[in-house]
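# An overview of the molecular structure
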Amino acid sequence: MINAVEIKNLSKSYNNGFKLGEISLNIPKGLIIGLIGENGAGKTTLIKSILNIIKIDTGNIKIFDKDYINYENIIKEDIGVVLDNMFFPELLTLSDIDKIMGDIFKNWDSKLYFDFLNKFNLPIKRTIKNLSKGMRKKLEIATALAHHPKLLILDEPTSGLDPITRSEVLDIFQNFVQDEEHTILFSTHITSDLEHIADYIIFIDQGKLVLNENKDTIVDNYGILKCDIDDFNKVSREDYLVYKKNKYSYDFLINNKSKIKKKYRDFVIDNISLEELMILMIKGDK
Amino acid sequence: MLYTVIYCVYGDVMKIIISNSSSIPIYEQIKNNIVSQIMNNELLEDEALPSIRNLAQDIKISIMTVKKAYDELEKEGYIISRQGKGTFVAPKNNELAKEQAQKEIEEYVFKIINLSKKFNIDQRDIFNLFDILRGEEND
């Protein structure tokens, strides 16, 4: 098995007109995969589809080489999940959750759970109602990890966390993939979290898959060519993907940095961050 | 962009400094760090390097980036990976290092030639400059 998840021709439409798909992609085992896109682009729909929380219209999904519906119970033992909205009842305490999860997961590890609570400074006796947003997130992360999953599926796991906690959490994620059998799918709009630790980037816009690429390939090959307003016509159409007009200049998104650098010696060619890439691809003109 | 340096030391053995603001790709920075330590005898033959996944976590870089650095180092003969045992510093090959350096020098000379042509700078001026700078270094 080289892929933790395989998705073929997935599509899902809603009554409000939003449509996800068709999407086909693989999530390679042993790596950290970042899922990016605007709010409403379809990240959560994709994640909930993989988890069979949403019924998809067409397509098929395999997790650990098994059909995700026929083998749902077996598969879910090995998946740790953080969703954007907390799914625990408000009146439970953190130690209640230990008991409940112990009944749900065969591999539930109470010691590991309390270790994480300790590490995150979470008060065991408090009810969920009285936890701050950041504390709830940390609780979800602890819960996701405490049954020794092989695959973590995380929807915005770092949103609402302060920078110190975020870096702690990212370290926990990197520690998780020390085991080559472990995989993380991680959606976020804080792209800087992924800039360093993600191996692949999946980018969804308006329900469509626009990019599924090795992060190093993006960093090495993509870039921004900048030129003044007057020089717009000097850039050939085949050399850029999209462009954006600013007040004093044009930004062109390129995906062949070294070749473009040779061809356009007089123009500025900058490296691109994932955030800039996202903005250009969403806001840029063809 | 913020200037960030990640600094990491492996028991006194390996040092890695990575700058996020540098235009040099991160995998190349990792390579350069390791190569220069091999060349300076700070990393000796048969010394074990951290595993790809360990190093990735410690310097907060993706696994694939570190893997790319290690793959290239192995292809260039600086390190050897032994199945199931880990990655080790290869026997030092001075010829190889020299070749590598010569290639790098060629690239710089190319740049000098291009620049001097562009601004019509006399070759003799460049040789003079070379002699002056070299003299300063010897002082």
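For clarity, every value in this text was computed on a predicted model and none was experimentally measured. (Residues numbered from 1 in each chain as written. Chains lettered and ligands numbered in written order. Predicted model: local features only at pLDDT ≥ 70, side-chain atom pairs only at ≥ 80, totals over all residues. Heavy atoms only, no water.)

### What to know about the overall build of chain B
When helices and strands are tallied, chain B shows five helices and five strands. Helices (α) and strands (β) of chain B occur, in sequence order from the N terminus, as β-β-α-β-α-α-β-β-α-α. Buried residues in chain B amount to 31% of all 139 residues. Across chain B, every contact between residues at least 6 apart in sequence was considered, and the portion connecting residues at least 24 apart equals 45%. Carbon and sulfur atoms form 54% of the exposed surface of chain B, whose accessible area is close to 9600 Å². (Helix = DSSP H or I, 4+ residues; strand = E, 2+ residues; numbered from the N terminus. Buried < 20%, exposed > 50% of the residue type's maximum accessible area, 1.4 Å probe, protein only. Contact = heavy atoms within 4.5 Å. Areas by Shrake-Rupley, 256 points an atom, 1.4 Å probe, with all protein chains shown as cover.)

### Considerations on the packing of aromatic side chains
All names here are of chain A. The tally for this structure, following the rule as stated, stands at 14 aromatic pairs over all chains. Taking 5.0 Å as the distance between ring centres and 65 degrees as the angle between the ring planes, the aromatic pair formed by Phe232 and Tyr243 counts as edge-to-face. A residue pair is termed long-range when its members are at least 10 positions apart, and Phe232 in the loop between β11 (223-228) and β12 (242-245) and Tyr243 in strand β12 qualify at 11 residues. Under the relative-accessibility criterion, Phe232 is labelled partly exposed at 21%. (Phe/Tyr/Trp six-rings, centres within 6.5 Å; stacked < 30°, edge-to-face > 60°.)

### As for the interface of chain B and chain A
Facing the 15 residues of chain B at the interface are 19 residues of chain A. In this assembly, chain B packs against chain A so that about 1500 Å² is buried in total across both faces, 41% of it on carbon and sulfur atoms. When residues of chain B are sorted by the area they lose upon contact with chain A, Arg53, Gln57 and Met64 of chain B head the list and together hold 44% of the total. Between the two partners, chain B and chain A, sit two salt bridges. Asp171 of chain A is the salt-bridge partner of Lys60 of chain B, the closest N and O atoms lying 3.8 Å from each other. Among the elements of the structure, α2 (52-59) and α3 (63-75) of chain B are those that each provide at least two residues to the side of chain B that touches chain A. (Buried area = accessible area lost by both parts, 1.4 Å probe. Salt bridge = Lys/Arg side-chain N within 4 Å of Asp/Glu carboxyl O.)

### Side note on the pairing of β11 of chain A
Residues and elements named next belong to chain A. Looking at chain direction, β11 and strand β13 (residues 249-254) are connected through six bridges and run antiparallel. From the neighbouring strand, Ile224 faces β13, where its bridge partner is Leu253. Of the pairings in the sheet, the one linking β11 to strand β14 (residues 268-271) comprises four bridges and is antiparallel in character. Among the inter-strand pairings, Gly223 is bridged to a residue of β14, identified as Asn271. (Pairing = 2+ DSSP bridges.)

### Re the pattern of salt bridges
Inspection of every chain in the model, using the stated rule, returns 17 salt bridges over all chains. Across the pair Arg136 of chain A and Glu90 of chain A runs a salt bridge whose closest N-O atoms are separated by 3.0 Å. A residue pair is termed long-range when its members are at least 10 positions apart, and Arg136 of chain A in helix α5 (residues 133-145) and Glu90 of chain A in the loop between β6 (79-82) and α3 (94-104) qualify at 46 residues. Given a relative accessible area of 34%, Glu90 of chain A falls into the partly exposed group. Where salt bridges share partners, they join Lys31, Glu72 and Glu76 of chain B into one cluster.

### A closer look at the environment of Asp266 of chain A
If you trace the backbone, Asp266 of chain A turns up in the loop between α9 (257-263) and β14. We classify Asp266 of chain A as exposed; its relative accessible area is 70%.

### Let's talk about α5 of chain A
Residues and elements named next belong to chain A. With 13 residues, α5 extends 19 Å from end C-alpha to end C-alpha; this agrees with the ideal 18 Å at 1.5 Å per step. Within α5, 12 of the 13 residues are buried, which leaves it mostly tucked inside the rest of the structure. Among the residues of α5, Gly134, Met135, Arg136, Lys137, Lys138, Leu139, Glu140, Ile141, Ala142, Thr143, Ala144 and Leu145 are the ones counted as buried. (Expected span 1.5 Å × (residues − 1).)

### Some thoughts on the packing of α2 of chain B against α3 of chain B
Residues and elements named next belong to chain B. Viewed as axis vectors pointing N to C, α2 and α3 meet at an angle of 125 degrees, and their least axial separation amounts to 9 Å. For the element pair α2 / α3, the angle class is oblique. α3 is crossed by α2, and the crossing has right-handed handedness. Note on element contacts: α3 touches α2 through Ile63, Val66, Lys67 and Tyr70, opposite Ile52, Arg53, Leu55 and Ala56. Per-class residue counts for the contact of α2 with α3 are six nonpolar, no polar and two charged. (Axes fitted to C-alpha atoms, helices over the stretch in contact; angles between N-to-C directions. Parallel < 35°, antiparallel > 145°, perpendicular 65-115°, else oblique. Left-handed = near helix turned anticlockwise from the far one by under 90°. Nonpolar A, V, L, I, M, F, W, Y, C, P; charged D, E, K, R; others polar.)

### Quick look at the domain arrangement of chain A
Residue and element names in this part refer to chain A. Splitting chain A by domain gives domain 1 (3-214) and domain 2 (222-283). A separation of 34 Å is found between the C-alpha centroids of domain 1 and domain 2. On the side of domain 2, eight residues touch domain 1, which itself brings 11 residues to the contact. Carbon and sulfur atoms supply 75% of the area that domain 1 and domain 2 bury against each other, a total of about 920 Å² over both sides. One can count zero salt bridges joining domain 1 with domain 2. Across the contact surface, domain 1 and domain 2 share one residue pair in polar contact (both at pLDDT 80 or more). Residue assignment for the side of domain 1 that touches domain 2 shows that the elements contributing at least two residues are α7 (191-197), β9 (200-205) and β10 (208-214). (Domains from an automatic or database assignment. Polar contact = N/O pair within 3.5 Å; in protein donor to acceptor, adjacent residues only side chain to side chain.)

### Quick word on the confidence of the model for chain B
Residues and elements named next belong to chain B. When pLDDT is averaged across chain B, the result is 84; 88% of the residues are at 70 or more. Ranking the helices and strands of chain B by mean pLDDT puts α3 first, with 95, and strand β1 (residues 5-10) last, with 48. Taken together, the stretch residues 1-9 has pLDDT below 50 and engages in 24 contacts with residues farther than four places along the chain or on a different chain. Quick note on the complex model: pTM equals 0.83, ipTM equals 0.83. (pLDDT = per-residue confidence, 0-100.)

### Observations regarding the nonpolar core
Ile63 and Leu139 of chain A are the most contacted members of the largest nonpolar core, which totals 104 residues. Within the second largest apolar cluster, 12 residues are counted, among which are Leu225, Cys227, Ile260 and Ile269 of chain A. (Core = buried A, V, L, I, M, F, W, Y, C linked by side-chain atoms within 4.5 Å.)

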